[in-house]
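Reading the structure
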Amino acid sequence: MKIPLEFYRRSNPVEIARELIGKYLFTQIDGVLTGGRIVETEAYAHINDQACHSHLGRYTARTKVMYEPGGVAYTYLIYGRYVLFNIITNEAGKADAVLIRGLEPTDGIPEMLLRRGLSTVQRNLTAGPGLLTQALGITTAHYGTDLTADLIWMEDRSETVAFEDIIASPRVGIDYAGEDVSLPWRFRLKGSKWVSPAR
DNA sequence: CAGAAGATCTTCT
DNA sequence: GAAGATCTTCTGT
């Protein structure tokens, strides 16, 4: 079933990031269903986290949507080439987020191959935050999309993931974040080949 | 297989 | 004007 708003509006993004491992992310864009199982996430918190775009209450055109109540999409362009997809969590004004970094493709694989310009299913189809958005057709136009509607949403398919099968480690690409680089807020499904290659 | 470098453009200072 | 929650390609071993 589709994940309800209450799931996103809880106060601890780290817990939400961990619980999203094993859940499913889908898009239905141009009438085509694509999606897969989430195998890698990262948490970003509005307090005590220098890596978070909303750190210290920073409020700009880009971060504006982070201050909405949990359950909407935060998409943005990184390095001039890739779109990253986050879900906003917590209540209004508490700008937390979870970045989706890795997906095991399950639905709409032919369409995902087309969007990625690949002819065979391989790891770089959806293993990586900038790749899975391409495969799912997510763009910066989806900034603020309601995650309980029928364009982009997540599902709980009652697949339990054992706690010990989820690896926690430091987040990627945030060297600017001072001591917060070492927070173990990246979560990966143990043994999955669909986690991002980044260390 | 590892490491380096290049691509490319929005956002914030 | 600089840097960035990335990925691909190219080089050398």
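Everything numeric here is computed off the predicted structure, so don't read it as measured data.

Thoughts on helix 4 (residues 129-136)
Across the 8 residues of helix 4, 7 count as buried, placing the element largely inside the fold. Taken as a whole, helix 4 has its buried residues at Pro-129, Gly-130, Leu-131, Leu-132, Thr-133, Ala-135 and Leu-136. Those residues of helix 4 that are buried lie in contact with strand 1 (24-29), strand 2 (32-44), strand 4 (82-89), strand 5 (96-107) and helix 3 (109-116).

Concerning the pairing of strand 5
Where burial is concerned, most of strand 5 is hidden: 9 out of the 12 residues are buried. Bridge analysis of strand 2 against strand 5 gives 9 bridges, and the strand direction is antiparallel. Paired with Arg-37 across the bridge in strand 5 is Glu-104. Note that strand 4 and strand 5 share 4 bridges and pair antiparallel. The residue of strand 5 that forms the bridge with Ile-88 is Ala-97. Where strand 4 hands over to strand 5, the hairpin turn is made up of 6 residues, of which Asn-90 adopts a positive phi near 75 degrees.

Things to note about the protein's contact with DNA strand C
Around DNA strand C, 22 residues are found, and the nearest of them are His-53, Asn-86, Arg-116, Gly-130 and Tyr-176. Sugar plus phosphate, as a fraction of atoms of DNA strand C within 4 Å of the protein: 52%. The backbone of Pro-129 places a nitrogen or oxygen atom 3.0 Å from a phosphate oxygen of DNA strand C. The set of elements that each furnish at least two residues to the surface near DNA strand C consists of strand 3 (73-78), strand 4, strand 5 and helix 4. Each residue belonging to the surface near DNA strand C can be placed in one class, and the counts come to 13 nonpolar, 7 polar and 2 charged.

With respect to the protein's contact with DNA strand B
Close contacts around DNA strand B come from Arg-58, Thr-60, Arg-62, Leu-77, Tyr-79, Gly-80 and Arg-81, and that covers them all. Taking the atoms of DNA strand B that fall within 4 Å of the protein, sugar and phosphate contribute 81% of them. Arg-58 places a polar side-chain atom, nitrogen or oxygen, 2.7 Å from a phosphate oxygen of DNA strand B. Between DNA strand B and Tyr-79, the relevant distance is 2.6 Å, taken from a base oxygen to a main-chain nitrogen or oxygen of the residue. Class assignment for the residues of the surface near DNA strand B results in 2 nonpolar, 2 polar and 3 charged.

Considering the pattern of salt bridges
Tallied over the full model, the rule gives 11 salt bridges. Measuring nitrogen to oxygen at the nearest pair gives 3.8 Å for the salt bridge that ties Glu-159 to Arg-37. With Glu-159 in the loop between strand 6 (152-155) and strand 7 (166-169) and Arg-37 in strand 2, the pair connects residues that are 122 residues apart, well separated along the chain. Residue classification places Arg-37 among the buried residues on the basis of a relative accessible area of 18%. One connected set of salt bridges, linked through shared partners, spans Glu-40, Glu-42, Arg-101 and Arg-186.

With respect to the layout of surface pockets
In this model, the largest pocket occupies a volume close to 540 Å³. Taken together, 27 residues make up the lining of the largest pocket; nearest its centre are Tyr-76, Ile-78, Tyr-79, Leu-84 and Arg-101. Looking at the lining of the largest pocket residue by residue, the class counts come to 19 nonpolar, 6 polar and 2 charged.

Regarding the packing of aromatic side chains
Within this structure, the stated rule accounts for 6 aromatic pairs. Ring geometry for Phe-26 versus Trp-153: centroids 5.9 Å apart, planes at 35 degrees, classification tilted. With Phe-26 in strand 1 and Trp-153 in strand 6, this residue pair connects regions lying 127 residues apart in the sequence. Put simply, the rings of Tyr-24, Phe-26 and Trp-153 touch in pairs and so form one group of aromatic residues. Above the plane of the ring of Tyr-24 lies Arg-157, whose end atom (NZ or CZ) is 4.7 Å from the centre.

What counts and what doesn't
Residues numbered from 1 in each chain as written. Chains lettered and ligands numbered in written order. Predicted model: local features only at pLDDT ≥ 70, side-chain atom pairs only at ≥ 80, totals over all residues. Heavy atoms only, no water. Buried < 20%, exposed > 50% of the residue type's maximum accessible area, 1.4 Å probe, protein only. Helix = DSSP H or I, 4+ residues; strand = E, 2+ residues; numbered from the N terminus. Contact = heavy atoms within 4.5 Å. Pairing = 2+ DSSP bridges. Near = heavy atom within 4 Å. Polar contact = N/O pair within 3.5 Å; in protein donor to acceptor, adjacent residues only side chain to side chain. Nonpolar A, V, L, I, M, F, W, Y, C, P; charged D, E, K, R; others polar. Salt bridge = Lys/Arg side-chain N within 4 Å of Asp/Glu carboxyl O. 1 Å grid on protein atoms, 1.4 Å probe; cavity = no way out; pocket = protein on both sides within 12 Å on 5 of 7 lines; lining within 4 Å. Points joined across faces, edges and corners; volume = space filled by probe spheres on them. Phe/Tyr/Trp six-rings, centres within 6.5 Å; stacked < 30°, edge-to-face > 60°. Lys NZ or Arg CZ within 6 Å of the ring centre and 35° of its normal.

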